[in-house]
Amino acid sequence: MTPRLTIDLDAIAANWQALDARHDGATAAVVKADGYGLGAVPIARRLTSAGCKTFFVAHPGEALALRQALGPAPVIAVLNGLSDNLAEAYDVHGLTPVLGSLAEITLWQQAARRSGRPLPAMLHVDTGMCRLGLDNAELDRLVAEPARLDGIRLVLLMTHLVSAETPAAPINAVQLARFEAACARLPETPRSIANSSGLFLGPEFHAVLARPGAALYGINPQPGEPNPMRPVLRLTAPVLQLRTVATGETVGYNGIWTAPRPSRIATLPVGYADGYHRALSNCGLASFDGRPVPLVGRVSMDLTTWDVTDHPAIERGSWLELIGPAVPPDEVAARAGTNGYEVLTSLGRRYDRHYAAL
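This text gives an overview of the structure that appears in the document. This one's a predicted model, so the numbers in the text were calculated from it and none came from an experiment. (Residues numbered from 1 in each chain as written. Predicted model: local features only at pLDDT ≥ 70, side-chain atom pairs only at ≥ 80, totals over all residues. Heavy atoms only, no water.)

With that settled, the discussion passes to the overall build of the chain. Check the secondary structure of the chain and you find ten helices and 20 strands. Based on the C-alpha atoms only, the size of the chain along its principal axes is roughly 75 × 40 × 35 Å. Looking at the 358 residues of the chain, the share that counts as buried comes to 51%. Per element, the accessible surface of the chain, about 15,500 Å² overall, is 52% carbon and sulfur. (Helix = DSSP H or I, 4+ residues; strand = E, 2+ residues; numbered from the N terminus. Buried < 20%, exposed > 50% of the residue type's maximum accessible area, 1.4 Å probe, protein only. Areas by Shrake-Rupley, 256 points an atom, 1.4 Å probe, with all protein chains shown as cover.)

Put into structure tokens, the structure is as follows:
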């Protein structure tokens, strides 16, 4: 009996449409990390049918797979920039690099010269993340030497917010001001600043193109507030075995849980090899028939154990929901001491995957 991962493509499309309705500009979709673990190709196909015209991925391999699946129409942008030996592949397959350094700008300019025509690119300006993007010194050099952009057709100026999920964080306004100042020094180009949470910071952050990712997949873009997004997945697993343990007996590796009473223990075929985090040992939660079921003992590689003493209806072959509408990814993440992004992108390949309504 194989655990099942059900993914609701229509719910993802509905989330995209809800985010798109929040502002006057266009809305892209971030489908990196295989659509946050849920399947980039089927998700992008569904979002294309909903009206999405621009997709962001992290790596060129992701971009190539998406181009093969979607055909030539949509814009496919590669957030991690341009590698030394891949400029021609970007050109041939119509991929748009997000240029984040002078070295990448030079590589793309050289590719444009070889192709004999201007090549499109997005330009990433760092306003506080200190990861990718032009820093202040490189921006100054680019402004002083505008010929560096000869042969490059800028289609977007973008930056990435540090703390968009925290509306009161002062860095949000600082980044907005820095980005506006940087854009004023560069050729007039459409702008993008808002990620999922950025769309909830106010219209000044919306710009021309929004780039939601996690919110498409049901992660709450407003932590601490009711989640405005629809749930999009359900992870369920069957009970392999049931046993009764006596008061004082321990369960699982290292005996970290001791039965406080005679207890019924259900074993499920999901473990950390499936992306169900070891940090959930003794604190994970599942749902059966709308009621909570606590995880007891250590999460092991392929198995977890659950206290079903208060669920007499559970028997061998019963299915428990480990992630889904009753146990949202954000709750799983809070119990594991991480975030919903990691919960989703950790989902393994051993699940029986279905694309259907929840």
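What follows is about the pattern of salt bridges. Following the criterion strictly, the structure yields twelve salt bridges and no others. Between arginine 234 and glutamate 321 there is a salt bridge, with its nearest N and O atoms 2.9 Å apart. A residue pair is termed long-range when its members are at least 10 positions apart, and arginine 234 in strand S11 (residues 233-238) and glutamate 321 in strand S19 (residues 319-323) qualify at 87 residues. For arginine 234, a relative accessible area of 25% translates into the label partly exposed. Between aspartate 274 and arginine 350 there is a salt bridge; the shortest N-O distance is 2.8 Å. Within this pair, whereas aspartate 274 is found in the loop between strand S15 (263-268) and strand S16 (285-288), its partner arginine 350 is found in the loop between helix H10 (340-345) and strand S20 (352-355), the two being separated by 76 residues in sequence. (Salt bridge = Lys/Arg side-chain N within 4 Å of Asp/Glu carboxyl O.)

What follows concerns the sheet that holds strand S12 (residues 241-245). The three strands are arranged S12-S15-S18 in an open sheet whose pairing can be described as antiparallel. Two strands bound the open sheet, and with one partner strand each, they are S12 and strand S18 (304-307). The sheet shows a mean angle of 30° between the axes of neighbouring strands, direction not considered. Note that S12 and S15 share five bridges and pair antiparallel. (Pairing = 2+ DSSP bridges. Axes fitted to C-alpha atoms, helices over the stretch in contact; angles between N-to-C directions.)

With that out of the way, let us pick up the sheet that holds strand S8 (residues 152-158). Picture the strands of a sheet paired through backbone hydrogen bonds; they go either parallel or antiparallel. Spatially, S3-S4-S5-S6-S7-S8-S9 is the arrangement adopted by the seven strands of the open sheet, whose pairing is parallel. Because the sheet does not close on itself, it has two edges, and the strands there are strand S3 (29-30) and strand S9 (191-192). When strand S4 (residues 54-57) meets strand S5 (residues 75-78), the two strands line up parallel, connected through four bridges. Bridge pairing in S5 places phenylalanine 55 opposite isoleucine 76.

Moving on, we come to helix H3 (residues 40-50). Within H3 the residues assigned to the buried category are Ala40, Ile43, Ala44, Leu47 and Ala50. Mapping the buried residues of H3 onto a view down its axis gives an arc of 115°, with all of them on the same face. Of the surrounding secondary structure, the elements contacted by the buried residues of H3 are helix H1 (9-20), S3, helix H2 (32-36), S4 and helix H4 (60-70). The first or second residue beyond H3 is glycine 51, which carries a positive phi of 115°. (Arc of directions from axis to C-beta. Contact = heavy atoms within 4.5 Å.)

Now for unusual backbone geometry. Of note, the phi angle at alanine 33 is positive, near 55°, even though the residue is not glycine. Overall, alanine 33 belongs to the partly exposed group, its relative accessible area being 36%. Phi at aspartate 289 takes a positive value of approximately 55°, unusual for a residue other than glycine. Residue position: aspartate 289 is located in the loop between S16 and strand S17 (291-294).

A word on the pairing of S16. Burial of S16 is two-sided: the residues Leu285 and Ser287 facing one way and the residues Ala286 and Phe288 facing the other way are all buried. Bridging between S16 and S17 involves four bridges; their strand directions are antiparallel. The residue of S17 that forms the bridge with alanine 286 is valine 293. If you look at the hairpin formed by S16 and S17, you'll find two residues sitting between the two strands, and aspartate 289 has a positive phi there, around 55°.

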